[in-house]
Amino acid sequence: MVRGRGGLITRSFIQRVRGPARLVVPLAAVDVAAATVRLPSSLSALLLRVLGILIVLAVAFLIVRVTYVIDDLVLDRYPLEGPDNLKARQVHTQIQVLRRVTAAVVTILAIAIALLSFPEVRAAGAGLLASAGLIGIIAGVAAKPTATNVFAGLQIAISQPIRVDDVVVVEGHWGRVEQIALTY
């Protein structure tokens, strides 16, 4: 068994990235094979589009899982056990929020890239872009409560008036902060 920091990297990487790698590698191999095999043009176009979408989604999954490896490495340096764990709680809170933000951004980008592979969606996107000003105002008003909560969650994570593992008392009941999400 591997010990030390290198062992942690290896274990975390294998544990976190094994599943997505099992998707990306075979999909990439099938994509290369499909591009070299002569198939009817309609079947080839459909197969390549489906494989492209699956590869984009699998790579996004892989990237999100790599953020968990980074999370493991950073959090290993700051254990929560111990009498003076203020810095560790700060780091844990910030890393959790950053990992969630990164996962959300990667997921949104992957879905957008997958949808842009359809010409119909691209055409609709060009039309939406032309009227983006009005749509942006409408979307901004509609998403204001959600955006406010997300910014409040980020502000809590960065300024840290409360941290993971803090004890809080609300209306006479006490408990420990287990996580801080983007919405609160």
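Higher on the page you've got the structure.
Residues numbered from 1 in each chain as written. Predicted model: local features only at pLDDT ≥ 70, side-chain atom pairs only at ≥ 80, totals over all residues. Heavy atoms only, no water.

Considerations on the packing of aromatic side chains
Evaluation of the coordinates by the stated rule reveals 0 aromatic pairs. Its guanidinium or amino end placed over the ring of Y68, R65 lies 5.5 Å from that ring's centre, counting from NZ or CZ. (Phe/Tyr/Trp six-rings, centres within 6.5 Å; stacked < 30°, edge-to-face > 60°. Lys NZ or Arg CZ within 6 Å of the ring centre and 35° of its normal.)

Structural notes on the side chain of R16
On the secondary structure map, R16 appears in helix α1 (residues 4-36). A polar contact is formed between the side chain of R16 and the side chain of D72, at a distance of 3.0 Å. If we skip the residues at most four places from it in the chain, R16 touches R65, Y68, V69 and D72. (Helix = DSSP H or I, 4+ residues; strand = E, 2+ residues; numbered from the N terminus. Polar contact = N/O pair within 3.5 Å; in protein donor to acceptor, adjacent residues only side chain to side chain. Contact = heavy atoms within 4.5 Å.)

Topic: the packing of helix α2 (residues 41-77) against helix α3 (residues 86-115)
Closest axis-to-axis distance for the α2/α3 pair is 9 Å, and the angle between their directions is 170 degrees. By the angle class used here, α2 and α3 are roughly antiparallel. The segment α2 lies against α3, with I53, V56, L57, A60, I63, V64, T67, Y68, D71, V74 and L75 engaging V91, H92, I95, R99, T102, A103, V106, A110, I113 and A114. Looking at side-chain class alone, the contact of α2 with α3 contains 16 nonpolar, 3 polar and 2 charged residues. (Axes fitted to C-alpha atoms, helices over the stretch in contact; angles between N-to-C directions. Parallel < 35°, antiparallel > 145°, perpendicular 65-115°, else oblique. Nonpolar A, V, L, I, M, F, W, Y, C, P; charged D, E, K, R; others polar.)

Digging into the nonpolar core
Core analysis: the largest hydrophobic core is formed by 6 residues, namely V24, L27, A34, L51, I55 and A58. Taken together, the elements giving at least two residues each to this core come down to α1 and α2. Those residues within four positions of L51 in sequence are excluded, and the remaining contacts are L27, V30, D31 and A34. Core analysis: the next-biggest nonpolar cluster, separate from the first, contains 5 residues, A60, A103, V106 and A110 among them. (Core = buried A, V, L, I, M, F, W, Y, C linked by side-chain atoms within 4.5 Å. Buried < 20%, exposed > 50% of the residue type's maximum accessible area, 1.4 Å probe, protein only.)

Topic: the pattern of salt bridges
What the rule picks out here adds up to 2 salt bridges. The closest approach of N and O atoms between R16 and D72, which form a salt bridge, is 3.0 Å. Of this pair, R16 sits in helix α1 while D72 sits in helix α2, placing them 56 residues apart in sequence. Of the two residues, R16 and D72, neither departs from the other in class, the shared state being buried. (Salt bridge = Lys/Arg side-chain N within 4 Å of Asp/Glu carboxyl O.)

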